[in-house]
Amino acid sequence: MSRSQISLAVPGAQTLKPYQPGKPIEEVERELGISSSLKLASNENPLGPSKLAMAAASEALSTSAFYPDATAFRLKNRLQQEFDIPAEQLTVGNGSNELIELIGRVFLEPGDEVMFSEYAFIVYPIVAQACCASSKVVAAKNFGHDLDAMSLAVSQKTKLVYLANPNNPTGTAFDSKEFESFMKAVPQSTLVVLDEAYTEYINDATVPDGLSLVPNYPNLIVLRTFSKAWGLAGLRAGFAFASNEITDLLNRVRQPFNLNSVALAAAEAVLDDKDYLAQSIRINTEGMKQFENGLASLNLNYIPSRANFVTIDFCEAADGYYERLLKQGIIVRPLGIYGMPNHLRVSIGKFEQNRLALDALSRVIQP
Ligand SMILES: *Cc1c(COP(=O)(O)O)cnc(C)c1O
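Criteria and cut-off values
Numbers given to residues run from 1 along each chain, matching the order in which its sequence is written. Only residues with pLDDT of at least 70 are given local features in this predicted model, and only at 80 or more are side-chain atom pairs given and counted; all residues enter the totals for whole chains, interfaces and linings. Hydrogen atoms and water are omitted, and side-chain values are computed over all heavy atoms in the structure. Strands here are runs of E lasting at least two residues and helices are runs of H or I lasting at least four, both read from the DSSP assignment and numbered beginning at the N terminus. Each radius of gyration is computed over the set of C-alpha atoms, and the globule rule expresses the reference value as 2.2 Å times the number of residues to the power 0.38. Contacts: residue pairs with any heavy atoms within 4.5 Å of one another. In short, Shrake-Rupley with a 1.4 Å probe defines the accessible areas, and a residue's cover is counted only from the protein chains shown. Two residue types count as positive, namely Lys and Arg, and two as negative, namely Asp and Glu; His and chain ends fall outside the count. Note that the charge is assigned to NZ on lysines, CZ on arginines, CG on aspartates and CD on glutamates. Three exposure classes are used, based on accessible area relative to the maximum for each residue type with a 1.4 Å probe and protein chains only: buried under 20%, partly exposed in between, and exposed over 50%. Definitions used for this entry: grid spacing 1 Å over protein atoms alone; cavity, a set of points where a 1.4 Å probe fits but cannot get out; pocket, an open set with protein on both sides within 12 Å along at least 5 of 7 lines; lining residue, one with an atom within 4 Å of a point. Grid points are joined across faces, edges and corners, and a volume is the space filled by probe spheres set on the points. Amino acid classes used here: Ala, Val, Leu, Ile, Met, Phe, Trp, Tyr, Cys and Pro are nonpolar; Asp, Glu, Lys and Arg are charged; the rest, including Gly, are polar. Two aromatic rings, drawn from Phe, Tyr or Trp (for Trp, its six-membered ring), form a pair once their centres lie within 6.5 Å of each other, and the interplanar angle then sorts them: stacked below 30 degrees, edge-to-face above 60, tilted otherwise. A positively charged side chain is recorded as over a ring if its NZ (Lys) or CZ (Arg) lies within 6 Å of the ring centre. The angle to the ring normal must also be within 35 degrees. By the convention used here, strands pair only if DSSP detects at least 2 bridges between them. Whether a residue is near a molecule or strand depends on its heavy atoms: it is near if one of them lies within 4 Å of it. We call two N or O atoms a polar contact when they sit within 3.5 Å, provided that within protein one can donate a hydrogen and the other can accept it, with sequence-adjacent residues counted only if both atoms are side-chain atoms. Pocket or cavity membership: a molecule qualifies when more than half of its atoms sit within 2 Å of the grid points of that site. Here an angle of 0 to 180 degrees is reported between the N-to-C directions of two axes, which are lines fitted to C-alpha atoms, with helices fitted over the stretch in contact. Whenever Lys or Arg places a side-chain nitrogen within 4 Å of a carboxyl oxygen from Asp or Glu, that contact is recorded as a salt bridge.

Moving on, we come to the overall build of the protein. Scanning the protein from terminus to terminus reveals 15 helices and 13 strands. Against the globule reference of 21 Å for 367 residues, the protein gives a C-alpha radius of gyration of 21 Å, in line with a compact fold. Across its three principal directions, the C-alpha atoms of the protein cover 60 × 55 × 50 Å. Contacts spanning at least 24 positions in sequence make up 74% of the contacts within the protein whose residues lie at least 6 apart. Of the roughly 16900 Å² of accessible surface on the protein, 52% is carried by carbon and sulfur atoms. Counting 32 positive and 40 negative side-chain charges, the protein places the centres of these two groups 3 Å from one another.

Here's what the structure looks like:
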């Protein structure tokens, strides 16, 4: 593209560096001429999709000549029943990613400030920049959110704060006390987006449950996704819970058919599959222990994680380790783009997959 066309774009897009997804298995196998590689790079559910969700999805295919339900009536009512939250205060998204962006499009204008933590999910700065807002990055504490520092840094210019709990790519989580003091310190004119993509993996009453806090804070938006513990990353479904006014605004700008009928049906059905969710969580808890023990016996440092991945600190540039793992058929996530060039993030898999990953790690750290 010629420079002149680049200059037609909004300033944010002109210099935007796009999101880098985890390397797809087929690409790695083609490039390295290997087969049977293992992708532990995108925090996907290693169980594969729920059988109930698949059955509902195939059935929905037969109605796919029709447009999907633009109001997502059935899914929202199912969510209301599941989480005891009013359907009128829900907004569905094509993954929570779309909601992160939709919130930016509804609330940000050039000159507004968006705040997030150092090492927070990379989509936040991308959305801020695409909306021509300025980013205020607050230094992390032990790789996690420093909510005290963030509340001190909020100013009248701060339109939006994005928080991820647990955070990706560090796996850290803040507790209810920290979060509630933060919410009390932040002015109503600042919207707080609490992104709970990994919350299902946490069984700890000290970690806030955002859904229960929305009624107390009219400036709070909570995001949930079907991509992780619910195992539907490829179908793209998530939702936002917020005040009536915020929900009304989000739904004015939301594309009416942003969730396709297959995704709507699968998301609704998977909420009935409690065995699947329980198994997802159990596999992850066991896999996390397996990784923690394995990493400790390899003398590798890692950031203690509350999510479905673990981030390893190689205490020197991690690129070489990444490349050597790839050659062994193990795809993990490099974190240079997060300013963490010494770290690699590994998603927790099933027992045998974790064993393969740990074996490969033991080979690549050999001098
Ligand atoms: C994976 C992830 C999401 C979920 O993205 P979807 O668009 O719902 O697939 C959201 N936030 C964070 C922090 C994530 O890691």
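The next point concerns the side chain of T91. Note on placement: T91 falls in strand 2 (residues 90-93). In this view, T91 contacts L99, L102, G238, F239, A240, T247, L250, N251 and R254; residues no more than four positions away in its chain are not counted.

Mapped onto the elements, S347 comes out in strand 13 (residues 343-347). Taking relative accessible area as the criterion, S347 reaches 2% and is therefore assigned buried. Spatially, the C-alpha atoms of S347 and S227 are 13 Å apart, while their sequence positions differ by 120 residues. Beyond its immediate sequence surroundings of up to four residues, S347 is in contact with L40, A41, S42, N43, F291, N308 and F309.

Where empty space is left in the structure can be found by rolling a water-sized probe over the atoms. Estimated volume of the largest pocket: approximately 500 Å³. Around the largest pocket, the lining comprises 28 residues; the ones closest to its centre are Y19, S42, N97, F121 and K228. Of the residues forming the lining of the largest pocket, the biggest block, 4 residues, is contributed by helix 6 (residues 95-107). The residue inventory of the lining of the largest pocket, partitioned by class, reads 10 nonpolar, 11 polar and 7 charged.

For the rest of this paragraph, the subject is the packing of aromatic side chains. In the structure shown here, the tally under the stated rule is 10 aromatic pairs. Ring geometry for F83 and F239: centres 5.9 Å apart, planes at 35°, overall tilted. Pair noted here: F83 is in helix 5 (residues 73-83) and F239 is in strand 8 (residues 238-241), with a separation of 156 residues, a long-range link. A relative accessible area of 23% means that F83 is categorised as partly exposed. Seen from their ring centres, F226 and F239 are 6.4 Å apart, and the 50° between their planes marks the pair as tilted. Taken together, the residues F226 in the loop between strand 7 (220-225) and strand 8 and F239 in strand 8 connect sequence positions 13 residues apart. These aromatic residues form a ring-pair network of at least three members: F83, F226, W230 and F239. Its end group placed over the ring of F309, R345 keeps NZ or CZ at 5.6 Å from the ring centre.

Okay, the pairing of strand 10 (residues 309-313) next. Of all 5 residues in strand 10, 4 are buried, a share of seventy percent or more. For strand 9 (residues 301-303) and strand 10, the ladder comprises 3 bridges, and the chain directions are antiparallel. Residue pairing for strand 10: N301 is matched across the bridge by D313. Between the end of strand 9 and the start of strand 10, which pair antiparallel, lie 5 residues.

Taken together, 4 strands build an open sheet; the order of strands is 9-10-13-12 and the sheet is antiparallel. Every other strand in the sheet has two partners, leaving strand 9 and strand 12 (333-334) as the edge strands with one partner each.

We now examine the site of the ligand. Within the structure, the ligand sits among G95, S96, N97, F121, N168, D195, A197, Y198, T225, S227, K228 and R236. The backbone of N97 places a nitrogen or oxygen atom 2.9 Å from an oxygen atom of the ligand. In the environment of the ligand, an oxygen atom lies 2.5 Å from a nitrogen or oxygen atom belonging to the side chain of T225. Contact with the protein chains covers 93% of the free accessible surface of the ligand, which is 380 Å². When atom positions are compared with the pocket grids, the ligand is found to occupy the largest pocket. Per-element tally for the shell around the ligand: the top contributor is helix 6, with 3 residues.

Below, the discussion takes up the sheet that holds strand 3 (residues 113-117). The strand order across the open sheet built from 7 strands is 2-8-7-6-5-3-4, with neighbouring strands paired in mixed fashion. The outermost strands of the open sheet, each flanked by one partner alone, are strand 2 and strand 4 (134-138). Adjacent strand axes in the sheet meet at a mean angle of 20°, parallel and antiparallel pairs treated alike. For strand 7 and strand 8, the ladder comprises 4 bridges, and the chain directions are antiparallel. Within the sheet, the bridge partner assigned to T225 lies in strand 8 and is G238. The strands that helix 7 (residues 123-130) touches are strand 3, strand 4, strand 5 (158-164) and strand 6 (191-195); relative to strand 5, the one it contacts most, it runs at about 160°. Contacts from helix 9 (residues 176-185) reach strand 5, strand 6 and strand 7, with the element oriented near 160° to strand 6.

Moving on: the pattern of salt bridges. This structure, assessed with the given rule, holds 14 salt bridges. A salt bridge links R78 to E82; its shortest N-O distance comes to 3.1 Å. Within this pair, R78 and its partner E82 are both found in helix 5, separated by 4 residues, close to a single helical turn. The exposure class assigned to R78 is buried, which follows from its relative accessible area of 10%.

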